[in-house]
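Report on the structure
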Amino acid sequence: MHELSIAMSIVELAEEEAERRGVQVNAVHLKLGALSGVVKEALLSCYEMACEGTPLQGSRLLVEDVSVVIFCPGCQAQRPLSSLQLFCCSECGTPCSEIVQGKELEVVALEIQECVPNPV
Amino acid sequence: MRPEPRLIEVRKNVLKRNDVIARSLRDCFRAAGVFVVSLVSSPGSGKTAILEKTLTLLRANYQVAALVGDLATENDALRLARSQAPVKQITTGTLCHLEAAMVRSALEEWDLNQLDFLFIENVGNLVCPSSYDLGEDLRLVLISVTEGEDKPLKYPTIFHSADVAVVTKVDLAAAVEFSWETAYDNIQSVRPGMPVLQLSAKTGEGMEKYLALLTTRLAELRQAAAV
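Residues numbered from 1 in each chain as written. Chains lettered and ligands numbered in written order. Predicted model: local features only at pLDDT ≥ 70, side-chain atom pairs only at ≥ 80, totals over all residues.

1. Examining helix H8 (residues 207-226) of chain B
All names here are of chain B. Selection rule: Helical segments are the DSSP runs of H or I of at least four residues, strand segments are the runs of E of at least two, and each set is numbered from the N terminus. By definition here, a helix of n residues has an expected span of 1.5 Å times n minus one. Exposure criterion: with C-beta atoms placed from backbone coordinates, a residue whose C-beta has 20 or more other C-beta atoms within 10 Å is buried, one with 12 or fewer is exposed, and one in between is partly exposed. For this quantity, the arc is that covered by the directions from the helix axis to the C-beta atoms. Contact definition: two residues whose C-beta atoms, as placed from backbone geometry, lie within 7 Å.
Given a rise of 1.5 Å per residue, 20 residues ought to cover 28 Å, and the 29 Å separating the end C-alpha atoms of H8 matches this to within 8%. Listing the buried residues of H8 in full gives Tyr210, Leu214 and Leu218. For H8, the angular spread of the buried residues around the axis is 75°, confining them to a single face. Along H8, exposed side chains directed more than 90 degrees from the buried face belong to Glu208, Lys209, Ala212, Thr216, Ala219, Glu220, Gln223, Ala224 and Ala226. Contact partners of the buried residues in H8: strand E2 (35-41), strand E5 (117-121) and strand E8 (196-198).

2. Quick notes on the packing of helix H1 (residues 3-21) of chain A against helix H2 (residues 40-51) of chain A
All names here are of chain A. Inclusion rule: The angle between two axes is taken between their N-to-C directions and runs from 0 to 180 degrees, where each axis is a line fitted to C-alpha atoms and a helix contributes only its stretch in contact. With respect to orientation, any angle under 35 degrees is reported as roughly parallel, any angle over 145 as roughly antiparallel, any angle of 65 to 115 as roughly perpendicular, and every other angle as oblique. Two helices crossing with the near one rotated counterclockwise from the far one by less than a right angle form a left-handed crossing, whereas a clockwise rotation gives a right-handed crossing. Charged means Asp, Glu, Lys or Arg here, nonpolar means Ala, Val, Leu, Ile, Met, Phe, Trp, Tyr, Cys or Pro, and polar covers whatever is left, Gly included.
Two elements in contact, H1 and H2, have axes whose closest approach is 8 Å; the angle formed by their N-to-C orientations is 55°. With respect to each other, H1 and H2 are oriented oblique. As for the relative orientation of H1 and H2, their crossing is right-handed in sense. Contacts between H1 and H2 involve Glu3, Leu4, Ile6, Ala7, Met8, Ile10 and Val11 from the former and Ala42, Leu43, Cys46, Tyr47, Met49, Ala50 and Cys51 from the latter. Taken together, the residues of the contact of H1 with H2 sort by class into 13 nonpolar, no polar and one charged.

3. Side note on the interface of chain A and chain B
On the side of chain B, 30 residues touch chain A, which itself brings 30 residues to the contact. Listing elements by their share of the side of chain A that touches chain B, those giving two or more residues are H1 and strand E6 (105-114) of chain A. The leading source of residues in the side of chain A that touches chain B is E6(A), at 10 residues. Classifying every residue of the side of chain A that touches chain B by side-chain character gives 18 nonpolar, eight polar and four charged.

4. Thoughts on the sheet that holds strand E2 (residues 60-66) of chain A
Heads up, the condition is: Think of it this way: DSSP has to see at least two bridges between two strands before they count as a pair.
Spatially, the four strands line up as an open sheet ordered E2(A)-E1(A)-E6(A)-E1(B), and their pairing is mixed. Each edge of the sheet is formed by a strand with only one pairing partner; in this case those strands are E2 of chain A together with strand E1 (6-13) of chain B. Taking each pair of neighbouring strands and ignoring which way they run, the sheet shows an average axis angle of 25°. Pairing geometry for E6(A) and E1(B), over six bridges, is antiparallel. Note on E1(B): the bridge partner recorded for Leu110(A) is Ile8(B).

Now the structure itself:
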């Protein structure tokens, strides 16, 4: 279970980005590949913990699941993978080991609020 | 009035920090001409036994060393020390995998230029190590015959993070009715084209082919560096 350290890396990354731009983060948008080795549910519960005591406390983690796409050498085309247990082309059945997408573990965007001094 | 929230693009790999360290480690390994092999498997698959045998056999002709990750004990390092090769333990505490930074700090006192092979034994875990690049040249994923043939189907991700699969404890295959064909097919199903070796640390079966793979890869690496 390494989701907590992943969550802490996400918080750290978002915090750096927010500090650099002088903004407050409301939500973090994450792309999560089916082959990233990270479990979404575990990550979501760890995220809250990782945010505690940081400027990201109270922010949300929005996860976009990325399914696996392979390249079929037979069809010379990209194909969606129907099962993680069977890496072959959904059209012609050729075994495929080239992964086009599905390993993503990437912060794609931050939903932010400009930091403005409160009017007195 | 507070301004409306808006979206800013970031596009950053979450494991960038680890990847950057792994890349710099790989550069150091290249510069020193050392071939780095890491081993991942579930607990009890025989990583330490294979490694002990590997270190002992390679030591005759090569300079070898090993880093070994363990949650709490130093048992593995003590076992590996019997090979007389330099061995260092990385105790990860509660962390279930090795990260590139741990490898980097463990290597601080070692002169990589003196080495031909460096082995890194990861913590026994078939899930978490898959996300972390350690800068290695070759990653072996081990499954023992006692675990059954379906490990690849249960943990496809780790098979995609590794280069070669090794079926261990093959001396016990008959006793546990292990089907090599089924295991091989399962590996090929999750990772078509993956090379698979069979090994027994106990009887030495398959060691020759496995060591030949390592020494060939070292020679190739040195040849590439010389060009």
